[in-house]
Amino acid sequence: MRRITLPRMGYSYIGFRAVFDALGHEFVEPPPITKRTIDLGVKYAPEFACFPFKITLGSLIEALSTGKVDTIITAGGIGPCRYGFYGVMYEKILKEELGFDFDFILLDPPIKPYGNMKKVWDIVLKWKGELSWREFILRLTKGFKLAWRKLKKVEDLEALILKKRAWVKDISKVEDLFNEAIRKINLSMDLDEVDAIYKEAKDSIEAIPDDRGDVLKVGIVGEIYTILEPFSNLNTERLLNERGVEIERSVWTTEFIEYNVFPGLPFPLKQMVGWKGKDDIVKYSKPFLNEFVGGHGRESVAHTVMFKERGFDGVVHILPFSCMPEVVARGILERVGRELDFPILSLSFDEFTGEAGLITRIEAFIDLLRMRRRMAA
Amino acid sequence: MRVYLGIDIGSVSTKLVAMSDSYEVLSAVYLRTAGRPIAALLEGLRMVEKDIGNAEVCGVGTTGSARFLASVVSGADLVKNEITAHAVAAIHELPDVKTVFEIGGQDSKIIIIREGVVVDFAMNTICAAGTGSFLDHQAQRLGIEIERFGEYALKSKNPVRIAGRCTVFAESDMIHKQQMGYSIEDIIAGLCEALVRNYLANVAKGKDLKPPYVFQGGVAANLGIRKAFEKEIGFPVYVPKYFHVMGALGMAILVKRYVEEEGIKTSFRGFRIVEDRFTSKSFECSHCPNGCEVVVIYRGSEPLACWGDRCGRWQDKFGRGSVVGELKEVA
Amino acid sequence: MKFGIPRGLYYEPLLTEWKVFLEDLGHSVEISPPTNKLILDEGVKEGVNEACISLKLSIGHAMYLKDRVDCIFAPRLMNMDKYKRITLCPKFRGLPDLFRVFIPNVLSLNAYLGSFERRLSFYSKVGRELRVGFLRVLRAYRRARLASKKVKELQRDGFLPDEARAWVLGGSEPSFTLKRKDEALPIIAVVGYPYIIYDDYVSHSLLKKLVNMGFNVVTPEMMDDKEIEEALRYLWKPLFWSQSNKVVGAAFKLLRKPEIDGMIHVSSFSCGTDAWVGSLIELEAKKFEKPLMRIVVDEHTAEAGLVTRLEAFTDLVRWRKGRAVI
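Residues numbered from 1 in each chain as written. Chains lettered and ligands numbered in written order. Predicted model: local features only at pLDDT ≥ 70, side-chain atom pairs only at ≥ 80, totals over all residues.

A.B. asks: Summarise the overall build of chain A; cite the residues concerned and give the values.
C.D. replies: Along the backbone of chain A there are 16 helices and eight strands. The C-alpha extent of chain A, read off along each of the three principal axes, is 70 × 45 × 45 Å. Within chain A, the proportion of its 377 residues that are buried is 45%. Of the contacts made within chain A by residues no fewer than 6 positions apart, 72% connect residues no fewer than 24 positions apart. (Helix = DSSP H or I, 4+ residues; strand = E, 2+ residues; numbered from the N terminus. Buried ≥ 20, exposed ≤ 12 C-beta atoms within 10 Å, placed from the backbone. Contact = placed C-beta atoms within 7 Å.)

What follows is the structure, encoded as C-alpha cells:
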C-alpha cells in the first residue's frame, strides 16, 4: 500500500480519493492552500515560474513535511504550456534541492520524445501491485466511475452556488449547505448515495428565497488552476457574487480531462467515454485566434465569443502572471472586446497581488457593466 | 603621509574615504548627491581636504553609478564597479566573511565570498522595493524621520504583513493597512520585514547563504532592518564601523594595491579643482532613430569626456580627438 | 508584391531563408531594421501587458513595416525539430494572430520546418498562396536553403547574424567576429535566445562588450548541433520548445567543458520558458561549480546597471582563475 498525495486544485482531490481508495491505497488529502503554502512555494520555485507551480510546489512541501506521504503522482504533458514540465521540476527541486525522499510517479503520455509505452506500462504495474489483473481492472473501473460521478456532481453544485450567491444577501446559508454536501460526497462510496446527496443539497439551495435584484451575468474564462483554486485568485468569484454578479465558469476539471486526456485514449476506450471533439472551440475562436496555443488560451477566446452571443454582460479573464498561453489570449481578447463591443476584464494573479487593488478594479468593472445596462435600456 | 582616496558616487549619496598607508581611515564623508554628482563630489573633496590637511594623495579610485564622471572630474587612477569595491572592503573588515548584504539608496546587492574570493553575487533586478529609497519614501508618507524608523520598529510586538512586488503596490497595501487602523509601530516593523523579505526573495534568491554575515550600506543604520534580517536568517549580522562608506573604503584599498603594484604616479588633479567650474551638457544625437542622449563633461570650456551614445560613435571619435572641436561648438 | 518580415522573435537563419525565397519568386522583401528606440517604444505601447520584451518587440517591428509594405510575411512557427511534437513557445504560435490585432494584411501559414518533407510542404503551400508553380518553388527553396545554411555556418564561426546575412547576400566580409583570437584569454559562454543575445539594443551589445573587455565568447550558435542534442539526454525529458532545448543543451554541454571559465544566461523579464531554462542551468552550474550570472533584460534595463554587473562578473571570473582583481 502506498500513501499518496498530489497537488491540490479546487475540489479535484475528491475524484483522486475515489480512485485510490478503490485500488486500496491510502490517499493523503493535500492540505488547504494558505499564505504559508505560497510562501514556501515562492521561496523554492524559480523566480519566473507560473503562480500555479509555486502554489502546488508549496503544497507538496507541506504534504511531505508531515511525513505521512511516500508517493507523489503528477500528470506530465507535451506542451507547449509550461504545465507539462511541472513534474520534472517538482522532482528536481524536492529531491535535489530539499532532499526529500519519496517515490515520484510522472504520468507522461506515450508520445515521442517525451514518453513511451514502456514508461506507461511501468506505472500500470506499480498501480497493480499485488492485485490480479481481473481484480485490478474491476477496481479501477469502479474507482473511475465513482470519481467521475463525484466530480460531476460537485461541479454542478459549484455552478449552482456561483449563480445563487448573487441573488441572496446572506450567502453564508448557501455556503454552509454547499460545504456540508461536499464533505458528504467526499466520504461517500456509493453512486446512488452521491446522487441523493447532490439532489438534497441542490433542492435546499434552490429553496432559499432570492432577495436581491438587478443581477449581472458575467462569464469567467482563463487558466484552469487559477480559476479553480479560490485562494490563488483571492476569491474573485465570491467577490463578484457578493456584489450582485452571477457567474458562469467556462473551465472545469472534468471538462479539462475530456479535452486533454480523452483524445489520447486508444480505441475503443475513446469511444466508450464519449469523446466530443473540439469543434465549438475551433469555430468560435476564428478569426481571432486560429491555432492551439497551449493551455486554455484558445478556449479563453472561444468562450468569450460564446458568452457574448449568449447575451452576457461581460467576461472576467483570470490568468496567472506571465502565463504563456493566456498572455497570448489577453492580447487577442483586446481585439475581441473592441470588435464585438464587449467588456472584458483581465486579472492576473501572483504572490504579489494585493486585495485592495483587486477590489477596486472589480468594483469599477461592475459599475461599468451596470452603466451599459442602463444605457441599453 | 601617503593617503589614498576612495570615491563612491551613487544616485542618492556620495561617499568619500581617505585612507592612510596603514589602512587607517582618516576621513569618511557621506553626503546627499541630490541629483548633482559633480557638486557633491567637489563638496566632498573640500571636506576631505579639511580632515587630512596637506597629506600627499598617492592614488584615487572611483566607483558607484557615477564612477566614470567622478573619474573624469577628479583624475582617478582606477575605476571599478561597486560590487568588487564592496566585497574588498567587507573582506578587509572581516577576513572570513561568507555573505555580504548591501542595501543602498537605489540598489541592493548580495555578495557571496568563499576564502576571500567572490564566488557569486546579485543585484536587485525588479525595482526599488528592496532598497533604501523605498524606506525613505514611506518615512515621508508616515511623517517620521528615517533616522527614528529603527526605534519605532523595535517597539512593535506584532508586525503587519505588507504585500507587493514593487514600491507602488507595497505602498497601496501599506495605506490600506493604515486605513484599517494598525498601529504605526506595527506598520513600520512590517515595512522593515517586507523589505527584508523582498530582498531575500529577489536579490538573494537561490544564493548559498552562510555565516558570518556582514550587513553594510546606508540602510544598515536602521536597527529595525537589522533585527528583521536576524529574525529571517537566524544568525547575527555584523555591521562594520564604516558601514555607510564601504564602497569608497574598498576603492581606497584597491587603488593603494594598484598604485603600489604598478608603481605609477597618481593622475589626481589635486584639491584645487574644487575651484574650477565643471559643467555637463547633453544633446540628442540625430544620427539614427535611437536618438541617444549624449552627455559631454566640460572643465571651463574644455570638453573632458563624453558618453551616452549606444553605438559608441561619439566616444570613439572623442578618443581620437576628432570631435573635440565639434563638441566645443555644442558648448 | 512587397513583403515585410519583422524581426523580434524571428531570427537567423530564418530571416535569410525567407528573404531569399520570396525574392527568388519575384517579390521584394524588406526586413525591419535592427531594433531601435522608436521600434521599442511602439512595441511597448501596443504590445500585450505582461508579455516578454521579445513579443513586444515583434509587434514593434511589425508596426514599423505596416505602412512600408503590402503584406507582412509572418509564418506561424510550429516546429523546427525532427520530433514533430517539439514545438516553439506559445507566443510564436499566437504571433500572426497578435499581428492581426493591429495589422490587417498578414500572410501566415503554419510552418513545420523540422525535416525536408515538412519544409517542402510549407514552401509549396506558400507557393500556392502566391500562385507559382511547384518547379519554381523548388528552385527558390534550394537557393533559400543554400543561403541560410551559409549564414548558419558563418554564425558557427562567430560572425554576428546580421553581418553574416549581409555577407551572404553580397556584402563584404564583416570585421567583427566572436572567434577566439587569443587562446590565453578566459572564455565566457553566453547562452540565451538568439533574438535576445544578438539584438544589440535589447542586450546592450553584451557580446561586443565582453570581447572588448578581453574575453573569448562562446554562444549556442557557435556549437555543433550534435553536441547540443547529446547534452539533452541529461534531462528526464526534453523541453517542449526548440529554442529552449538549444539553450539548455548548449549550457549543459558548456558547463561540462573544463576550458569554460564562466557562463552568462541572458533572459528576458517574464519569459515563461526561461523560468525552467534558468533554473535547470542554475542547478547544473552548481553541480559543476562554474560561475554563472543571469541577466534579465526588459525595456527598463539600464545600461549602467548592466555594465556594473558585467564588470563584477568578469572580476569574479578573473579572481577565480587566480588573477588579482586589479
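A.B. asks: Just give me the short version of the interface of chain B and chain C, but keep the residues and values in it.
C.D. replies: Chain B puts 20 residues into the contact, and the matching count from chain C is 18 residues. For the side of chain B that touches chain C, the elements supplying multiple residues, two or more each, are helix 3 (82–93), strand 8 (117–123) and helix 9 (246–262) of chain B. The leading source of residues in the side of chain B that touches chain C is strand 8 of chain B, at five residues. Taken together, the residues that form the side of chain B that touches chain C break down as eleven nonpolar, seven polar and two charged. (Nonpolar A, V, L, I, M, F, W, Y, C, P; charged D, E, K, R; others polar.)

A.B. asks: Lay out the interface of chain C and chain A in plain terms, naming residues and giving numbers.
C.D. replies: Accessible area lost upon the coming together of the parts is a frequently used measure of interface size. Between chain C and chain A, the residue contacts involve 33 residues of the former and 39 residues of the latter. Of all the secondary-structure elements, those providing two or more residues to the side of chain C that touches chain A are helix 4 (90–100) and helix 12 (272–288) of chain C. Per-class residue counts for the side of chain C that touches chain A are 17 nonpolar, eight polar and eight charged.

A.B. asks: Before we move on, could you go through the packing of helix 7 (residues 184–203) of chain B against helix 8 (residues 223–233) of chain B and cite the residues and values that matter?
C.D. replies: Residue and element names in this part refer to chain B. Helix 8 packs onto helix 7 with a crossing angle of 55° between their chain directions and a minimal axis gap of 9 Å. The angle between helix 7 and helix 8 places the two elements in the oblique class. Crossing angle aside, the handedness with which helix 7 passes helix 8 is right-handed. Residues Ile 188, Ala 189, Cys 192, Glu 193, Leu 195, Val 196 and Leu 200 of helix 7 form the contact with helix 8, whose own contacting residues are Gly 224, Ile 225, Ala 228, Phe 229 and Glu 232. (Axes fitted to C-alpha atoms, helices over the stretch in contact; angles between N-to-C directions. Parallel < 35°, antiparallel > 145°, perpendicular 65-115°, else oblique. Left-handed = near helix turned anticlockwise from the far one by under 90°.)

A.B. asks: Talk me through the nonpolar core; I want residue IDs and the actual numbers.
C.D. replies: Within the largest apolar cluster, 293 residues are counted, with the highest numbers of intra-cluster contacts made by Ala 252 of chain B together with Val 190 and Ala 251 of chain C. Per element, the largest residue contribution to this core is eleven residues, and it comes from helix 7 of chain B. (Core = buried A, V, L, I, M, F, W, Y, C linked by C-beta atoms within 7 Å.)

A.B. asks: If you had to explain unusual backbone geometry to someone new, which residues and values would you point to?
C.D. replies: Following Lys 112 of chain A, the chain continues into Pro 113 of chain A via a peptide bond in cis, with omega recorded as -5°. Among the structural elements, Pro 113 of chain A can be located in the loop between strand 4 (103–107) and helix 5 (117–128). With an omega dihedral of 0°, the bond running from Pro 211 of chain B to Pro 212 of chain B counts as a cis peptide bond. Take Pro 212 of chain B: it is sitting in the loop between helix 7 and strand 9 (213–216). Within the chain, Asp 341 of chain A stands out as a residue other than glycine whose phi angle is a positive 50°.

A.B. asks: Pulling in residues and values, what's your account of helix 3 of chain B?
C.D. replies: A turn of α-helix holds 3.6 residues, and therefore any two residues three or four places apart point the same way. Residue and element names in this part refer to chain B. In this model helix 3 runs 16 Å from its N-terminal to its C-terminal C-alpha over twelve residues, within 8% of the 16 Å that 1.5 Å per residue would give. In terms of residue burial, helix 3 counts as a mostly covered element, since eleven of its twelve residues are buried. Burial in helix 3 covers these residues: Glu 82, Ile 83, Thr 84, Ala 85, His 86, Ala 87, Val 88, Ala 89, Ala 90, Ile 91 and Glu 93. (Expected span 1.5 Å × (residues − 1).)

A.B. asks: Please set out the domain arrangement of chain C residue by residue, giving values where relevant.
C.D. replies: All names here are of chain C. Here chain C is described as being made up of domain 1 (2–168) and domain 2 (187–320). Using only C-alpha atoms to locate each centre, domain 1 and domain 2 end up separated by 24 Å. Listed per partner, the contact involves 25 residues of domain 1 and 25 residues of domain 2. Classifying every residue of the side of domain 1 that touches domain 2 gives 14 nonpolar, seven polar and four charged. (Domains from an automatic or database assignment.)

A.B. asks: Break down the pairing of strand 3 (residues 25–32) of chain B for me, with residues and values.
C.D. replies: All names here are of chain B. Here strand 2 (residues 13–20) runs beside strand 3; their pairing, made up of seven bridges, is antiparallel. Note on strand 3: the bridge partner recorded for Lys 15 is Tyr 30. In textbook terms, the turn of a hairpin is the stretch between consecutive antiparallel strands, and for strand 2 and strand 3 this stretch comprises four residues, one of which, Tyr 23, has a positive phi near 60°. (Pairing = 2+ DSSP bridges.)

A.B. asks: An account of the sheet that holds strand 6 (residues 99–103) of chain B is requested, with residue identities and associated values reported.
C.D. replies: Spatial ordering of the open sheet is given by 8-7-6-9-10 (chain B), a layout of five strands whose pairing is mixed. Each having just a single partner strand, strand 8 and strand 10 (237–238) of chain B make up the two edges of the open sheet.

A.B. asks: Before we move on, could you go through the confidence of the model for chain A and cite the residues and values that matter?
C.D. replies: On average, residues of chain A carry a pLDDT of 90, and 98% of them reach 70 or more. Per-element mean pLDDT across chain A ranges from 70 in helix 12 (residues 269–273) of chain A up to 96 in strand 5 (residues 216–222) of chain A. (pLDDT = per-residue confidence, 0-100.)

A.B. asks: Describe the packing of helix 3 of chain B against helix 9 of chain B, and please don't skip the residues or the numbers.
C.D. replies: Residues and elements named next belong to chain B. Relative orientation of the contacting elements helix 3 and helix 9 amounts to 85°, with a least axis distance of 7 Å. In terms of orientation, helix 3 lies roughly perpendicular with respect to helix 9. Contacts between helix 3 and helix 9 involve Glu 82, Ala 85, His 86, Val 88, Ala 89, Ala 90 and His 92 on the former and, on the latter, Met 246, Gly 247, Leu 249, Gly 250, Met 251, Ile 253 and Leu 254. A class-by-class count of the residues in the contact of helix 3 with helix 9 yields nine nonpolar, four polar and one charged.

A.B. asks: Explain the sheet that holds strand 5 (residues 78–79) of chain B residue by residue, including any values.
C.D. replies: Residue and element names in this part refer to chain B. Reading across the sheet, the five strands line up as 3-2-1-4-5 and stay open at both edges, with mixed pairing between neighbours. The open sheet is flanked by strand 3 and strand 5, the only strands paired with a single partner. By the bridge criterion, seven bridges tie strand 1 (residues 2–9) to strand 2 in an arrangement that is antiparallel. In the sheet register, Gly 6 faces strand 2, and the bridge partner there is Val 17. Sitting on the sheet, helix 1 (residues 37–52) is in contact with strand 1, strand 2 and strand 3, with an inclination near 150° to strand 3. Packed on one face of the sheet, helix 9 meets strand 1, strand 2, strand 3, strand 4 (56–63) and strand 5 and runs near 135° to strand 1.

A.B. asks: So what's going on with the domain arrangement of chain A? Residues and values would help.
C.D. replies: Residues and elements named next belong to chain A. When the domains of chain A are assigned, the result is domain 1 (3–129), domain 2 (148–164 + 168–211) and domain 3 (213–377). If you average the C-alpha positions of domain 2 and of domain 3, the two centres end up 23 Å apart. At the junction of the two partners, domain 2 supplies seven residues and domain 3 supplies ten residues. Here the element with the most residues in the side of domain 2 that touches domain 3 is helix 6 (residues 133–164); it accounts for six residues. Taken together, the residues of the side of domain 2 that touches domain 3 break down into four nonpolar, no polar and three charged.

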